[in-house]
Amino acid sequence: MLLVRRLFPRTPNFLFSIMPRHLYLDASPPPYNGPKDSLDKDVFRKTLSVLGARIPPEKTRVLLKANELKECLMDLPKIRTVVSDPSQPDGDRLVLLRVSEKSDIPQLAQEFLDKEATGLVEYKIDLDYDYWTAEECLHAFLPPELREGAPTGFAMTGHIAHVNLNNEYLPYKHVIGQLILDKNKIVKTVVNKLDSIDNKFRFFKMELIAGEPDFVVEHHESNCRFTFDFTQVYWNSRLHTEHDRLVQTFKPEDVVADVFAGVGPFAVPAGRKGCAVLANDLNPNSAKYLLKNVQDNRVTDLVRVSCEDGRDFIRASISRLFDEPFAAYTGPKPSRMQAEKDRKRLQKLAEEGHLPPPVEPEQPPRRRITHFVMNLPDSAIQFLDAFHGILTDNGERDLSGTYNDMPIIHCHCFTRELDPEKAERDIRQRVEDKLGHALTEEIINLHLVRSVAPNKEMYCISFRLPREVAFARS
């Protein structure tokens, strides 16, 4: 599920700039005059005095639909337009107006009220911390020079909200975290990603800025359930669309080798689709949670997990699959209910003396990798030299006959080139340099995944492994 949320899900139309000034109603938070090292919620209190038109309950709809009052009716978020009259709770209703003085009511509206209402009364609206959004409270809290460009969003992973705060907002990180926690009921933990990255396993380090120190999340994506420790593995909720896009290119009968599988965002949905998957990650914690996710999503017969260097995995994957192939794809798995129905149907046919339906010819096992996924954009291109001679085998394996069609490689990478043509030239050149072979007709697709920074783009280049590279001899 998506994963990026704004700090304030609504923006009240406080300033009715297109209205006459007498219809202006300032419902913005009051200036913050509490402590700056923490958030004093009691400071966020404000009372608005407005007029209410007293009306019998049966006539409220007349006022709410009247064109004469269209510009005068209360329309603040979370504030009801029709309320009970405090002086007679079981009697008349009050239709609230966004004015505090009778003289502020436009003439046509006043004439209509004189005819339909039974008088105007003062009504108090008390606003407190719960009324305003996180961004409204943050703008009131921050010094004026930091309000422009203040943090406006966060990403969700399970119950964890994570932000990337610029240096100037770090002194206020705990207040920002508390606001996110208070204003979003599904958030239990708020973390700030740090600039440092684990050099070996390539996951972001982070600090707790609000909520519970509970970093093991259950995250749902692509109709799959993923469990992992967010502080120990790499996960990026913004790649949800890319995960889906690539899995949709796989056929159920394919075999996918996921070189940098993480906790399984490609491997598990591919397994659910029917694909056989060799899933690998160097990070032992990623491999641990990958195995758990394979088990939780009931694809243990289709996804094999390993924990080794990506280059070693690439070189060993061909022979491993050939020696231990996956069973052939036989179609979608029937539900337990459907399987029981089929069993009873066959049993009934047998009892009635009918011949069972003819058995479909057995399909050969799957021993050919059709796709390699390399989702490590920082360095995946550097591993492409591992494909050199990958199908050269001096043993008894008939790899030449098995691989009539070469595997497709999906390699994620970064580029500093923002122009699409220059980006393609840059990526293609680096891929060819590492493969040691030119890509002529092999490139299938070059897909822009997302913009990572103002001068940094993430792409996925998909190409068919050149036969000359796969069967090259040292």
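Residues numbered from 1 in each chain as written. Predicted model: local features only at pLDDT ≥ 70, side-chain atom pairs only at ≥ 80, totals over all residues. Heavy atoms only, no water.

Trainee: Explanation requested: the UniProt feature "binding site: S-adenosyl-L-methionine" (unreviewed entry) in the chain in the structure shown.
Mentor: Annotation from UniProt places "binding site: S-adenosyl-L-methionine" (unreviewed entry) at His 243, Asp 281, Leu 282, Asp 309, Gly 310 and Asn 375. Among the secondary structure elements, His 243 is positioned in helix α6 (residues 240-249). Sequence-distant contacts of His 243, that is, excluding residues within four places in its chain, are made with Glu 221, Asn 236, Pro 265 and Phe 266. Mapped onto the elements of the fold, Gly 310 is located in helix α9 (residues 310-323). The contact partners of Gly 310, leaving out residues within four places of it in the chain, are Val 259, Phe 260, Asn 280 and Phe 383. (UniProt positions renumbered as here; feature names shortened; annotations may be inferred. Helix = DSSP H or I, 4+ residues; strand = E, 2+ residues; numbered from the N terminus. Contact = heavy atoms within 4.5 Å.)

Trainee: Explain the packing of helix α3 (residues 134-141) against helix α5 (residues 173-183) here, please?
Mentor: Packed helix pairs are characterised by how far apart their axes lie and by the angle those axes make with each other. The N-to-C vectors of α3 and α5 enclose an angle of 155°; their axes lie 9 Å apart at closest approach. Relative to α5, α3 is oriented roughly antiparallel. In the crossing of α3 with α5, the sense of the turn from one axis to the other is right-handed. Contact residues: Ala 134, Cys 137, Leu 138 and Phe 141 in α3; Val 175, Ile 176, Leu 179 and Lys 183 in α5. Residues belonging to the contact of α3 with α5 are distributed by class as follows: seven nonpolar, no polar and one charged. (Axes fitted to C-alpha atoms, helices over the stretch in contact; angles between N-to-C directions. Parallel < 35°, antiparallel > 145°, perpendicular 65-115°, else oblique. Left-handed = near helix turned anticlockwise from the far one by under 90°. Nonpolar A, V, L, I, M, F, W, Y, C, P; charged D, E, K, R; others polar.)

Trainee: How should the pattern of salt bridges be read in this particular structure?
Mentor: Any two side chains of opposite charge can pair, given that their charged atoms come close. If you walk through the whole model with that rule in mind, you get 16 salt bridges. Asp 182 is the salt-bridge partner of Lys 41, the closest N and O atoms lying 3.2 Å from each other. You can see Lys 41 sitting in the loop between β1 (4-6) and β2 (46-55) and its partner Asp 182 sitting in helix α5, a full 141 residues away along the chain. Given a relative accessible area of 35%, Lys 41 falls into the partly exposed group. Classification of Asp 182 by relative accessible area gives buried; the value is 17%. Between Arg 311 and Asp 385 there is a salt bridge, with its nearest N and O atoms 3.1 Å apart. Here Asp 385 lies in the loop between β15 (371-374) and α11 (399-402) and Arg 311 lies in helix α9, a separation of 74 residues in the sequence. (Salt bridge = Lys/Arg side-chain N within 4 Å of Asp/Glu carboxyl O. Buried < 20%, exposed > 50% of the residue type's maximum accessible area, 1.4 Å probe, protein only.)

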